[in-house]
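# Close look at the chain arrangement
Now for the letters of each chain:
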Amino acid sequence: MNDLLKKIVEWNEANEYQKCVDAIEAIPEEERGYELTVLLGRAYSNLGVFGDNNSKANEDGVDIFLLEKAVNIFESVRLQGLDDWYWNCRMAYALWMTSGRELEALAYARKWQQLKPDDEDAANLIKTIEEYIEENYREPEVYSFEEMQSVGNHIEKYFGKYGRVMHELASPDIHVDIYVIPPRAEHEYYTLVTCGMGAHKMEVPDELKNEQLERAELLINLPAGWQLDEESLKDEKWYWPIRFLKFMARSPVNNGMYYDWGSTLEFDDITSFDESTKLCSAVVLSPGVFGEVSYACTLPNGDAVNFYQAIPLYKEELDYKVENGMDKLLQKCPDEILEVINPNRLNAVTDAEILNYDDREMDCAAEHLKLIQEHNLSVDELAVYSHMAAYLRWCINHNLMGDVFLQQHGDVAINVKSGSLNDLRAFVRDELGGRLMIIDYNYKGVCFANWYNTGNRSMPYAFIKDLKAYAREYFKGQMPCAEEAAYLLLPWGDEYCRAVEKIIEGRFAEWQKLCGEENAVQPFIDESNFKELLPDWQGARHCRISKRIIKDGCTVGFCCREEPDSDDTGWDSGWYFEAGDEDEVYAGEDAEYGIYDLNTICNLYPELLPLLNSPYGTAFERNKKGRLVQIKDEEE
């Protein structure tokens, strides 16, 4: 042991801090003892400030995660260290270099001086910290009692009842407590929500002042097996998400930034949050799994406090988001890899082939087949397609299918509507590959499915949840198998179809009431006398037409074709048709569009027919001679 201590002294003096870490961590934690533990904390602290071999000498800033790790190591031997001048010395330095913890650092520096009165370094550090505090310290921003009640009530109502609160002991800028909500029936994981971050108003750009983005709180979800007891949290393996959450909560104060949906945070000088994971950056999104009503609460003074879910990302995911945008990244991410923090989850970018995720998939028989196999159910193999067939039949009968589906399966739609085809289970299995895809629906069908039946946990309801509730009612408490799989044992037949269609009908009416007006297609014109000008058109044949054309009778002055969202490729051709004066008429507000068949605009303006096969990215405008001409890129 003495030889090791001598080596550690030599390495420390030579600025070889990583050698100190490696040598000490090679010894099992339970065998290290007090002295080596303090020296390990010192090594991490020096790595965080100076870097190995002083590699950070020419850099601004410190590695806050290494400093936090150092503090946690010191905390693990607190009882032995409280009356040790050197332990207090190391705590003082580590906290002094951690932004926002100056008051704590001062307390430890004074204790150090008390234990070693003649130490000039203690006196110098005390003086430095006091001067800094005098120049920079301000009273922490906190909620009023009434505001705290509003936020707390919102958390309990929409996220769950919190079992405990991680109270912050020292608050140099804002007072951030963390409410810990234990696993519950609908959400079988911990939810940790900050309370206090929103007392600070973030610096929002002038153009967003009316969006009420100034105040925010953050949350994370952790697996049900995550260790959150006081002893376990001394280990970085369990503590890093809490440290990550606290750091994100203070970033607006320390860095003058603000959060909005899709905001990302890159952490300088770190390759991962902890050695147990390669996650190293973060994005904030709306906490969709808790429903839209959870997104914000209103304070007594009318201010909104927005709630965002902080989601750790891999470097490749952050890079992909920066290059392609958040929507594109989400198209690669199954809900389950974002909903709950998993330190070793698959990477949505580098593991895309393994994930094999298609965000256009609404439902897949393979998932239901797994339940049959897991529970060893004896059922007709068509049972996994029953609810999908019922949903599809209802959508066909309510004119929610898209152009491409109708071109490929028009005979099926005709037979369903005529009543000659009622059982679509074999069709779903054989022709649709056992999947319902959102690209098979029209505009209204896509909007409704995104609200109700895409398997997305952020929906207020889910078709499969309603089906499971129906199974509970049908079997009246005498479940023939595990509750989660009972819907697969519901007998197929007219009674089943009527019951399921009644459920869908009710949800559709609810959706129309909530969202129908904004998603409705407004028929401003009578299309009954129009000719079919596109008899051979293949693919999506709907477009967006400005109200200036359809309602006000203006001529098409501008049109362009943009690549549609992946969800919409079954109905959206990508074409936009405008009068060209929308910006002036609508004074900067969004122009109003209707969704129409391309045949409609071509009947109004046959000159558009030759343009329709133009590739995505093409645009035309009407010139002074009254002709539509292609707009060329400036580089051409």
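Use the structure listed above.
Report on the accompanying structure. (Residues numbered from 1 in each chain as written. Predicted model: local features only at pLDDT ≥ 70, side-chain atom pairs only at ≥ 80, totals over all residues. Heavy atoms only, no water.)

### Examining the overall build of the chain
Per the secondary structure count, the chain includes 24 helices and 16 strands. Its C-alpha atoms give the chain principal-axis dimensions of about 100 × 70 × 50 Å. When each of the 636 residues of the chain is scored for burial, the buried share is 51%. Once local pairs closer than 6 in sequence are excluded, the contacts in the chain between residues at least 24 apart make up 65%. Summed over all atoms, the accessible surface of the chain reaches about 32000 Å², with 45% contributed by carbon and sulfur. Side-chain charges in the chain split into 62 positive and 118 negative, and the spacing between the mean points of these groups amounts to 3 Å. (Helix = DSSP H or I, 4+ residues; strand = E, 2+ residues; numbered from the N terminus. Buried < 20%, exposed > 50% of the residue type's maximum accessible area, 1.4 Å probe, protein only. Contact = heavy atoms within 4.5 Å. Areas by Shrake-Rupley, 256 points an atom, 1.4 Å probe, with all protein chains shown as cover. Lys, Arg positive; Asp, Glu negative; His and termini not counted. Charge placed at Lys NZ, Arg CZ, Asp CG, Glu CD.)

### A few points about the nonpolar core
Tyr-391, Leu-392, Ile-396, Leu-424, Leu-436, Tyr-441 and Phe-448 are the most contacted members of the largest nonpolar core, which totals 59 residues. At the level of elements, helix 15 (365-374), helix 16 (386-397), helix 17 (403-418), helix 18 (425-430), strand 10 (435-437), helix 19 (443-452), helix 20 (463-475) and helix 21 (494-519) are the ones that each hand at least two residues to this core. Beyond its immediate stretch of four places on either side in the chain, Leu-424 contacts Ala-389, Leu-392, Arg-393, Ile-396, Val-412 and Val-416. In this structure, Val-176, Val-204, Tyr-259 and Ala-310 belong to the second largest nonpolar core, which totals 42 residues. (Core = buried A, V, L, I, M, F, W, Y, C linked by side-chain atoms within 4.5 Å.)

### Observations concerning the state of the cysteines
Taken as a whole and assessed by the stated rule, the structure comprises zero disulfides. Unpaired in this structure, Cys-280 has its nearest cysteine sulfur neighbour in Cys-333, at a distance of 14 Å. (Disulfide = S-S within 2.5 Å.)

### Notes on the sheet that holds strand 12 (residues 558-561)
Here we have six strands laid out as an open sheet, ordered 14-11-13-12-15-16, and mixed in their pairing. Each end of this open sheet is capped by a strand with a single partner; those strands are strand 14 (593-597) and strand 16 (628-630). Sheet twist, expressed as the average angle between the axes of neighbouring strands with direction ignored, equals 25 degrees. Two strands pair when backbone bridges link them, and strand 11 (residues 542-546) and strand 13 (residues 572-578) are joined in this way by three bridges, in the parallel orientation. Paired with His-542 across the bridge in strand 13 is Asp-572. (Pairing = 2+ DSSP bridges. Axes fitted to C-alpha atoms, helices over the stretch in contact; angles between N-to-C directions.)

### A short note on helix 2 (residues 17-25)
Among all positions in helix 2, only Tyr-17, Cys-20, Val-21, Ala-23 and Ile-24 are buried. For helix 2, the elements touching its buried residues are helix 1 (2-13) and helix 3 (29-49).

### Things to note about the pairing of strand 11
Strand residues, when the strand is regular, have side chains that alternate between the two faces of the sheet. The element strand 11 is largely enclosed, with a buried count of four among its five residues. In this sheet, strand 14 lies alongside strand 11 in antiparallel orientation, the contact comprising five bridges. Following the sheet pairing, Ser-546 is matched in strand 14 by Tyr-593.

### Thoughts on the environment of Lys-465
In this fold, Lys-465 is placed in helix 20. Here Glu-186 takes part through its side chain, which lies 3.4 Å from a polar atom of the side chain of Lys-465. (Polar contact = N/O pair within 3.5 Å; in protein donor to acceptor, adjacent residues only side chain to side chain.)

### Points about the pairing of strand 15 (residues 618-622)
Judged from the four bridges that link them, strand 12 and strand 15 form a sheet pairing that is antiparallel. Each bridged residue has a counterpart across the sheet, and for Arg-561 the counterpart in strand 15 is Thr-618. By the bridge criterion, three bridges tie strand 15 to strand 16 in an arrangement that is antiparallel. Paired with Arg-622 across the two strands is Leu-628, which belongs to strand 16. The loop that links strand 15 with its antiparallel partner strand 16 comprises five residues; one of these, Gly-626, has a positive phi angle of about 90 degrees.

### Digging into the packing of helix 6 (residues 85-96) against helix 7 (residues 102-115)
One way to put it is that helix 6 packs onto helix 7 with a least axis distance of 8 Å and a crossing angle of 155 degrees. With respect to helix 7, the axis of helix 6 lies roughly antiparallel. The two elements helix 6 and helix 7 cross, and the hand of that crossing is left-handed. Two secondary-structure elements touch here, helix 6 through Trp-85, Trp-87, Asn-88, Cys-89, Met-91, Ala-92, Tyr-93, Leu-95 and Trp-96 and helix 7 through Glu-102, Glu-104, Ala-105, Tyr-108, Ala-109, Lys-111, Trp-112 and Leu-115. Grouping the constituent residues of the contact of helix 6 with helix 7 by class yields 13 nonpolar, one polar and three charged. (Parallel < 35°, antiparallel > 145°, perpendicular 65-115°, else oblique. Left-handed = near helix turned anticlockwise from the far one by under 90°. Nonpolar A, V, L, I, M, F, W, Y, C, P; charged D, E, K, R; others polar.)

### Some words on the pattern of salt bridges
A full pass over the atoms with the stated rule returns 32 salt bridges. Residues Asp-303 and Lys-201 are paired through a salt bridge, measuring 3.5 Å at the closest nitrogen-oxygen approach. Taken as a pair, Asp-303 in the loop between strand 7 (296-298) and strand 8 (304-313) and Lys-201 in the loop between strand 3 (189-195) and strand 4 (215-223) lie far apart in primary sequence, 102 residues in all. Three or more residues are tied together by salt bridges with common partners; here these are Glu-68, Arg-101 and Glu-104. (Salt bridge = Lys/Arg side-chain N within 4 Å of Asp/Glu carboxyl O.)

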